[in-house]
Amino acid sequence: MRTQVGIVGAGPAGTMLAHLLARAGVDSVVIETRSREYVQERVRAGVLEQGTCDLMDAAGVGARMRREGLVHHGIELRFGGRGHRIDLSDLTGGRSIMIYPQREVVKDLTDARVSAGLPIYFEAEDVRVGDVDGDHPEILFIHDGFEHRVDCDFVAGCDGFHGVCREAIPRAALTIYERVYPFAWLGILAEVAPSSDELIYCSHERGFALHSMRSPSLTRLYLQCDPREAIENWPDDRIWRELQTRFATESDWRLAEGPIVQKGITPMRSFVAEPMRHGRLFLAGDAAHIVPPTGAKGLNLAVADVKAMAAAFAEFYRSGRREPLDNYSSVCLRRVWKVQRFSWWMTSMLHRFPDETPFDWRRQQAELDYVIGSRAAATSLAENYVGLPFDL
Ligand code: FAS
Ligand code: PHB
């Protein structure tokens, strides 16, 4: 088969790119290794930046998000047994965030793709990309036992950190920047109403903890743990005990507990592969970069990448201009590195590091105290958290 843009991966990056291209009249084919059910059930991100929500609206897929999502105008920083609200909307001229699970975003975009009868292949096997250096890139895969080849003008690598597209770029052509953190997040989904209306980022001497949510009846919680931890060592009662300890305040505030329906451990890293383009292969999202989830940026950064990529492809097919395509990597990386900085800063401020000294702990507490006491510092956190403008 032939198409203009072959898209590998049907996560947020791949499905958003396909949708934006379709609206611009650019043909694409999406190839995904997992089943539609798996991709739509995977528990991942939960926070959408204002810009992501605005793009969902503009792309005609925001209706359910607006109905079911939870708009938040602030977050709490909790340390020293006390909570301090950061008024995101007051500090950013009315911008906010939306709690709307990544899997719902992917479901909305996938439903739109399938409803439009546009090609998307789930459960593809042995996916390979070829001739990305040449003029005739192709994607090869097996589906329902048959070999398929997609001849394309361009390939979009939206296949995540463990995909095949970044690996198709000669190692000598890439510069890799990476920082692996000496801790991980143990995350749970609990069938209980959230204990707070907003997210709570908690710095505690035993480690970081985060209270988030998925709906008025589903709480999402994380606690910092050793990256070598096995989830089997964390029975439910141990998880709740540790969370209660870390979230405890001077008042009698307690975390509401309920049945844990999902638990897992996620490693933490900062990672960037430069450039995000090689020949006719363009990388987006986790295929090109990973941020520690402390800043709630992974999904939003993927969306920012494909917004730029879709515009560049649309301009190429409309006018033949190649400049936006040639500028794609540098345009994305300018935002990527600002988001890397913010995610690293939030992570470094809120987590305990095994090699830290008592000085580091006091410095971290002072940084938190500065953020809650300075409008300038709180504004810096807020404008990054709600999302930097796309056209920065
Ligand atoms: P994705 O990884 O989401 O999607 C890539 C897709 O490509 C997948 O569907 C995969 O099956 C498919 N694929 C892989 N190899 C392929 C191949 N060879 N051929 C075809 N398809 C292939 N971010 C946050 O902001 N907040 C969070 O709380 C958060 N939690 C996370 C928890 C976990 C366990 C993980 C792994 C990530 C988390 N993230 C979080 C980051 C996450 O949300 C990503 O940033 C986001 O999924 C990026 O989207 P994509 O770039 O589309 O990559
Ligand atoms: C989540 O709800 O999964 C979430 C929220 C904020 C973060 C990370 C994860 O910073």
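The following paragraphs examine the structure supplied in this document. (Residues numbered from 1 in each chain as written. Chains lettered and ligands numbered in written order. Predicted model: local features only at pLDDT ≥ 70, side-chain atom pairs only at ≥ 80, totals over all residues. Heavy atoms only, no water.)

Walk down a regular strand and you will see the side chains alternate between the two sheet faces. The alternating pattern of strand β2 (residues 28-31) places Ser28 and Val30 and Val29 and Ile31 on opposite faces, both of which are buried. Direction of pairing for β2 relative to strand β8 (residues 120-121): parallel, over a ladder of two bridges. Following the sheet pairing, isoleucine 31 is matched in β8 by tyrosine 121. (Buried < 20%, exposed > 50% of the residue type's maximum accessible area, 1.4 Å probe, protein only. Helix = DSSP H or I, 4+ residues; strand = E, 2+ residues; numbered from the N terminus. Pairing = 2+ DSSP bridges.)

With the rule as written, the count across this model stands at two cavities of 30 Å³ or more. Of the volumes computed, that of the largest cavity is approximately 40 Å³. Contributing to the lining of the largest cavity are Val43, Arg44, Ala45, Pro101, Gln102, Arg103, Leu189 and Arg214. Estimated volume of the second largest cavity: approximately 30 Å³. (1 Å grid on protein atoms, 1.4 Å probe; cavity = no way out; pocket = protein on both sides within 12 Å on 5 of 7 lines; lining within 4 Å. Points joined across faces, edges and corners; volume = space filled by probe spheres on them.)

Mapping isoleucine 7 onto the fold places it in strand β1 (residues 2-8). By relative accessible area, isoleucine 7 is classed as buried at 0%. When the C-alpha atoms of isoleucine 7 and phenylalanine 154 are compared, they prove to be 8.7 Å apart, with 147 residues separating the residues in sequence. Once you skip the residues sitting within four places of it in the chain, isoleucine 7 turns out to touch Gly14, Leu17, Ala18, Leu21, Ser28, Val29, Val30, Ile31, Ile139, Ala156 and Cys158. (Contact = heavy atoms within 4.5 Å.)

Next up on the list: the site of ligand 2. In the region of ligand 2, 14 residues are neighbours, and Tyr201, Ser212, Arg214, Tyr222 and Pro293 sit closest. Serine 212 places a side-chain nitrogen or oxygen 2.6 Å from an oxygen atom of ligand 2. Contacts to ligand 2 include arginine 214, whose side-chain N or O atom sits 2.7 Å from an oxygen atom. Contributing elements (two or more residues each) for the shell around ligand 2: β13 (199-203), β14 (209-215) and β15 (218-225). Counting residues per element, the shell around ligand 2 draws most heavily on β14, which supplies three residues. A breakdown of the residues in the shell around ligand 2 according to their chemical character gives eight nonpolar, three polar and three charged. (Near = heavy atom within 4 Å. Polar contact = N/O pair within 3.5 Å; in protein donor to acceptor, adjacent residues only side chain to side chain. Nonpolar A, V, L, I, M, F, W, Y, C, P; charged D, E, K, R; others polar.)

On to the packing of aromatic side chains. Going through the model one piece at a time under the given rule, you end up with 18 aromatic pairs. Aromatic side chains phenylalanine 342 and tryptophan 345 sit 6.0 Å apart centroid to centroid with 35° between the ring planes, which places their arrangement in the tilted category. Note that phenylalanine 342 and tryptophan 345 are positioned in helix α9 (residues 323-350) at a spacing of three residues, about one turn of the helix. Both residues of the pair, phenylalanine 342 and tryptophan 345, count as buried. (Phe/Tyr/Trp six-rings, centres within 6.5 Å; stacked < 30°, edge-to-face > 60°.)

If you trace the backbone, glutamine 340 turns up in helix α9. Those residues within four positions of glutamine 340 in sequence are excluded, and the remaining contacts are Ser270, Phe271, Val272, His289, Ile290 and Val291.

What the rule picks out here adds up to 36 salt bridges. The shortest N-O distance in the salt bridge between aspartate 126 and arginine 128 comes to 3.3 Å. Here aspartate 126 falls in the partly exposed class, since its relative accessible area comes to 44%. Exposure remark for arginine 128: the relative accessible area of 32% places this residue in the partly exposed category. One salt bridge connects arginine 321 with glutamate 323, and the closest N-O pair in it is separated by 3.4 Å. (Salt bridge = Lys/Arg side-chain N within 4 Å of Asp/Glu carboxyl O.)

Turning our attention to the nonpolar core. Ranked by internal contacts, the top residues of the largest apolar core, which has 72 residues, are Ile7, Leu17 and Ile139. The residues touching leucine 17, leaving out its near neighbours within four places in the chain, are Ile7, Ala156, Cys158, Val306, Met309 and Ala310. One finds Phe208, Phe353, Leu381 and Tyr385 within the second-largest nonpolar core, a separate group that totals 34 residues. (Core = buried A, V, L, I, M, F, W, Y, C linked by side-chain atoms within 4.5 Å.)

For α9, which comprises 28 residues, the first-to-last C-alpha distance of 41 Å matches the rise-based estimate of 40 Å (1.5 Å per residue) to within 8%. At serine 329, α9 shows its strongest bend, of approximately 35°. (Expected span 1.5 Å × (residues − 1). Bend = angle between axes of the 7 residues up to and from the residue.)

The full set close to ligand 1 counts 30 residues, and Glu32, Arg42, Arg44, Gln102 and Asp286 are the nearest of them. Proline 12 is positioned such that a nitrogen or oxygen atom in its backbone is 3.3 Å from an oxygen atom of ligand 1. Between ligand 1 and tyrosine 222, the relevant distance is 3.4 Å, taken from an oxygen atom to a side-chain nitrogen or oxygen of the residue. If you list the elements that add at least two residues to the shell around ligand 1, you get α1 (12-23) and α8 (298-319). Per element, the largest residue contribution to the shell around ligand 1 is three residues, and it comes from α8.

Regarding helix α11 (residues 375-385), the residues found buried are Ala377, Ala378, Leu381, Ala382, Asn384 and Tyr385. Its side-chain oxygen placed 3.2 Å from the backbone nitrogen of alanine 376, serine 374 serves as the N-cap of α11. Positive phi appears at glycine 387, one or two residues downstream of α11, with a value of about 115°.

A few words on the sheet that holds strand β7 (residues 97-99). Spatially, three strands are ordered β3-β7-β4 in an open sheet, and the strand pairing comes out antiparallel. Edge strands, defined here as strands with exactly one partner in the open sheet, are β3 (47-48) and β4 (70-72). Where β3 and β7 come together, two bridges link them in antiparallel fashion. Across the sheet, residue leucine 48 finds its bridge partner in β7, namely methionine 98.

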